[in-house]
Every structure is written in structure tokens, then in C-alpha cells.
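One-letter residues, chain by chain:
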Amino acid sequence: MDITLTIFGQSAAFFVFWWFCSTKVWPLFSNVLEERKQRIADGLEAAARAQKDLELAQNASTDQLREAKEQAALIIDQANKRASQIVEEAKGKAREEGERIIAGANAEIEQEMNRAREALREQVGAIAVAGAEKILERSIDQAANEELLSKLAAEL
Amino acid sequence: MAELADAAHAAAEHGAETTAQEYITHHLSYLTFGQHPDGHWGFAHTMEEATEMGFMAFHVDTLFWSLFLGGGALLFFRWIGKKATSDVPNGVQNFVESIFEFVDERVSEGFNHKNPVIAPLALTVFVWILLMNLMDLVPVDWLPEVAIFIGHFFGQEHMSFKVVPTTDPNITLGMSFSIFALIIYYSIKNKGAWGFFSELAFHPFGKWMMPFNLMIEIPTLLAKPISLGLRLFGNLYAGELLFLVISALLGLYQLPFHFVWAAFHILVVPLQAFVFMMLTIVYLNAAHDGVHH
């Protein structure tokens, strides 16, 4: 076994390589691996958080859906009530209107009847006078007869 | 498949005049640059010259591959790391990240103290040794033949060129003794000089048995880097040697045996890198532990 200066050459190389590896090589990889580890941890944490958020959102959406259904049912109920109410009101109004129209018509008929009666009365007077004039022809005092006839007309 | 051609080529190259033993010895020797006995520096042209240089020499081949593989891997990692994003990673980034996380997990399991430079150390050691070990799976003649071809232009005939750095004890021991230095440094830093000494001196038999304790503890301490370096060296050297033996003895017919041994060896390659890394972590963890009595 021949030990020579080679052993010192190798030792020197050993320390130089060690120094190079410690300062120029190792940190590059340890940084990258550390960074990746951090990123993976962050990613997992974010995923867990998202999972939780999703759960909460699902719960919230279920609640909202139920609430919405309840409200919808309530609204439909109210609408139904309101509709029947409106129908009832309309019915009532229609009846009232009908009654009022009938009453108006009756009053008008009454009025018409009275007017016709009045006219008839006057015409009857005139006819009677005309008839009496024809019968009596001349010997009639216009003024006295006038008075007599209007008394008669008033008695009718 | 090219292994066949290599073996044929090697057989033709070394041919009748090269015995199997010479072939293997040639493959196990280094491209050496050092101080010749007469004082001037230069490449060793023969194995004898390399031996004469003794300690004052560099194994240019193993050191080159060691630096090339370790530096290349780190520069590649840095290049990928520069582009890395925390989005979904692409294939290459994912690959590097998986190595990174593998090492990081081992460190967080085995190292119970706060020290941000231990994980990069483990990563460096693991990737570097893994790549150096993987050179063992490159067919044994490919790169040496290329080196011989290039060597011709520089007047180097039959140049040796060893491509598996972890089959050079200088490389493995260079790393394990660097780690030993770190063990000493962190022990003294975390326990104090006295704390570190008392760990060696007053354990396991109390202070009246101090010489005896030291006799046990100091070899135990020294055994750590030596066993760490030699375990790696031994495993890879044995693997390489068997590849060489198969290649040298069987020539053209080596393919099935080569394949079987490569299949076994591919288990050894990452295992030894892993063991080296784990022991580094464990030793340095112990160096950070508090004083035990």
C-alpha cells in the first residue's frame, strides 16, 4: 500500500467540496423543498377551509330554501284569501249597484207616471172644456167656465 | 458488448509477451507524478520509478477522476438547483431532490444535534463515493486504452491509468482522515478539550485506571478513520481485482462472468457509499454528544 501526497490532495478536495456543497448547493434545494412544503401545507389548509365554507354555504342555502318555501306558502295563502275577499267585495258591490239601479229605475218610472198623469189630467180638462164648448156652443161665460173647469180638474 | 472488443484488443496489444499477471499489475498501478530520487519533479515512466518516488508523489489518475466526479456532481447539482422551482419538479430536478431528501432523512434520523453543515457533508460524501465506485462498472480496458493512446503523444509507452478512485487507499483514507479531523474538531468544540480527554481517559474504568483506559480508547478512536477508509478501499479493490482477473484469464469469453460479477458488484457500489455516509453521520453525532461518565 503506497501512501503518497495524493492523500492530502484528496483531503483538500474533500474540504473544498464540503464547503461548496454547504454554501452553494444545499441551500438551493433546502429552500426549494421548504417552499414547496409550505405551499402544500397552505394548499391543504385552503382546501380544508373551502370544505368548511362549502358546508356552511350548504347549510345556509338549505335554510334559505326552507325560508323561501315558507314565505312562498304564506304569500300564496294570503293571495288566495285576498282573491276570495276581492270576489266577495265585487259580489257585494254588484248587488248594491244592481239594487241602486233598480231603485233609480223605479223612481224614474214613478216620476214618469206622475208626469203622464199630470199631462193626462190637463188634457182631460181641455177635452172636457172642448166637449162642453161643443155642446153648449155660444151661451157660455168663458171666465165662469174656466173657473169651474179648473175646479173640476183639481178634483180629478 | 464492447467489453469483448476491449478484451480482444487487450489480448492483441499485450498478446504473447504479456502474461495475465503483468496485465493485472499494469492495471493496478497508478499514473504517478512526483519527485524523482535526483530531486526533479516529473511523471514516473516505469513502476520502479513510481516506487522510488515514495511519499513525494501524486496519483494523477485517481486524483483526477476523484476531482472530476466530485466536482462535476456538485456543479451539476448547483446547475439544477439554480433552475429549481417549488412548482411540480421536472425529471432531473425530481431526481436530484430525491437524492437530497434521501440523504436529509438519513441525517435527521442519525444526527440528533443542530449543525447545518452535516447534511451537506453527508450529501457530498455519498454522491462522491457513489460516483467513484460506479467507475468500477466501466469495462476495465476502456479508459486505460484511451489514456495509453493519448500517452503515446507524450512519450509515455504503456502508461498506467487507474480509473476507480476508491481502489486507491490514498483517496479513501484521505476522506476518512478528513472526517477524523472533523470528529476531533467537533469533539473539542462541543465537549471542550478536557471533556474530550476525559472521555478517553476516564472511560470505561474510572480515573484510577487512566493508562489502561487510554490504551483502549485511543486505538478505538484511531480505528474509526482507518476502518472507514479501508472498508471502502477493500471492497472496491476486491471488486476491481476480480474484474481484472476475469478479463485477464478469460479474454474473449469473459462476458458472462463479467456480467454476473457486475450484477453482484452493483449491489456493493451503492452499499459502500451508503455505509460510508452513515458511519460519517454516526461518528459526527457522537462527536456532538455530551460527556458521558
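This text follows the structure it describes.
Residues numbered from 1 in each chain as written. Chains lettered and ligands numbered in written order. Predicted model: local features only at pLDDT ≥ 70, side-chain atom pairs only at ≥ 80, totals over all residues.

Trainee: Explain the overall build of chain A residue by residue, including any values.
Mentor: Looking only at helices and strands, chain A features two helices and zero strands. Its C-alpha atoms give chain A a radius of gyration of 60 Å, clearly above 15 Å, the size a compact globule of 156 residues would have. Along the first, second and third principal axes, the C-alpha set of chain A runs to 195 × 30 × 20 Å. Going through the 156 residues of chain A one by one, you find that 10% of them count as buried. (Helix = DSSP H or I, 4+ residues; strand = E, 2+ residues; numbered from the N terminus. Rg over C-alpha atoms; globule rule 2.2 N^0.38 Å. Buried ≥ 20, exposed ≤ 12 C-beta atoms within 10 Å, placed from the backbone.)

Trainee: Give me the sheet that holds strand β1 (residues 32-35) of chain B: which residues, what numbers.
Mentor: Residues and elements named next belong to chain B. If you walk across this open sheet you meet the three strands as β2-β1-β3, and the pairing is antiparallel. Each edge of the open sheet is held by one strand with a lone partner, namely β2 (41-43) and β3 (57-59). Put simply, the sheet's adjacent strands are angled 15° from each other on average, direction ignored. Where β1 and β2 come together, three bridges link them in antiparallel fashion. Across the sheet, G34 pairs through a bridge with G42, a residue of β2. (Pairing = 2+ DSSP bridges. Axes fitted to C-alpha atoms, helices over the stretch in contact; angles between N-to-C directions.)

Trainee: Give a detailed account of the interface of chain B and chain A, specifying residues and quantitative values.
Mentor: Tallying the contact residues gives 37 residues for chain B and 27 residues for chain A. Elements that contribute at least two residues to the side of chain B that touches chain A include exactly β3, α4 (60-83), α5 (91-110), α6 (118-134) and α8 (169-201) of chain B. Here the element with the most residues in the side of chain B that touches chain A is α4 of chain B; it accounts for ten residues. Of the residues contributing to the side of chain B that touches chain A, the split by class is 21 nonpolar, twelve polar and four charged. (Contact = placed C-beta atoms within 7 Å. Nonpolar A, V, L, I, M, F, W, Y, C, P; charged D, E, K, R; others polar.)

Trainee: Mind laying out the nonpolar core, listing which residues take part and the relevant values?
Mentor: Side chains of nonpolar character tend, in soluble globular proteins, to be buried together. Residue and element names in this part refer to chain B. Counting 68 residues, the largest nonpolar core has A122, L123, V125, F126, W128 and I129 as its most contacted members. If you tally residues by element for this core, the top one is α6, at 13 residues. Each residue touching F126, except ones within four places of it in the same chain, is listed here: V103, A273, F274 and M277. (Core = buried A, V, L, I, M, F, W, Y, C linked by C-beta atoms within 7 Å.)

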